[in-house]
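Working through the structure, step by step
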Amino acid sequence: MAEFTVRAARTGDVAGIRDLLEPFVQQRILLGKDLVVLYESVQEFVVAEDAEGTLIGCGALHVMWEDLGEVRTLIVAEGWLHRGVGRGIVDQLEERARALGLRRLFCLTFEVEFFARRGFHPIGEQVVDPDVYSQLLRSPDEGVAEFLDLAHVKPNTLGNTRMLKTLD
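This write-up is about the structure you can find in this document. (Residues numbered from 1 in each chain as written. Predicted model: local features only at pLDDT ≥ 70, side-chain atom pairs only at ≥ 80, totals over all residues. Heavy atoms only, no water.)

Another aspect to go through is unusual backbone geometry. Here Thr73, not a glycine, exhibits a phi torsion of approximately 55°, which is positive. Position of Thr73 relative to the elements: it lies in strand β4 (residues 68-76). Thr73 gets classed as buried once you look at its relative accessible area, which sits at 8%. One non-glycine residue, His82, adopts positive backbone phi at about 65°. Relative to the assigned elements, His82 resides in the loop between β4 and α3 (85-100). What makes His82 exposed here is its relative accessible area of 84%. (Helix = DSSP H or I, 4+ residues; strand = E, 2+ residues; numbered from the N terminus. Buried < 20%, exposed > 50% of the residue type's maximum accessible area, 1.4 Å probe, protein only.)

What follows is about α3. Because each turn of an α-helix spans 3.6 residues, side chains separated by three or four positions end up pointing in the same direction. The first and last C-alpha atoms of α3 sit 23 Å apart over 16 residues, in line with the 22 Å expected at 1.5 Å per residue. All of the buried residues in α3 are Val85, Gly86, Gly88, Ile89, Val90, Leu93, Glu94 and Ala97. Gly101, located one to two residues past α3, shows a positive phi value of around 90°. (Expected span 1.5 Å × (residues − 1).)

Positionally, Asp67 belongs in the loop between β3 (55-65) and β4. Look past the residues within four positions of Asp67 in its chain and what remains in contact with it is Gly101, Leu102, Arg103 and Arg104. (Contact = heavy atoms within 4.5 Å.)

Once that is clear, we can look at the pairing of β4. Counting buried residues along β4, eight of its nine residues qualify, which places the element largely inside the surrounding structure. Looking at chain direction, β3 and β4 are connected through seven bridges and run antiparallel. Note on β4: the bridge partner recorded for Trp65 is Leu68. Once β3 ends, the chain turns through two residues before running back antiparallel as β4. In the sheet, β4 pairs with strand β5 (residues 104-109) via three bridges, with the strands oriented parallel. (Pairing = 2+ DSSP bridges.)

Here you go:
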């Protein structure tokens, strides 16, 4: 099995994260992010790198509410698929989520089987109580809108599955 490590992202990784993201943006699998947005959220990211220090994957944990976070921007480089990189990234993000006190993780994904193997399950419409829902409606974050399944983000979510995992 090939060697790789997963670690917290640094500002010097942002260009590499953008480079990992770009092919998926071109294929309309992931939404594009401006470079400034990636810098602003670098503390949410972990990256996977090979033995030479080349970025081979990334993922981010975005806190949405007191007990709720989102796994977002999960990417593994083509040559590293099916080699444990995605699992390593998600494991690290789950560890971070637990350390922050989160009890549930959301994702919006085409990779349903991958996330199902990690304990995520498809969700329906209402997964937070009405008071929390009304607070979340105030967020300008597109990921929160996708979690809430709001009409204005429907074009972004076509073909994706909304999934949730309860952490141990």
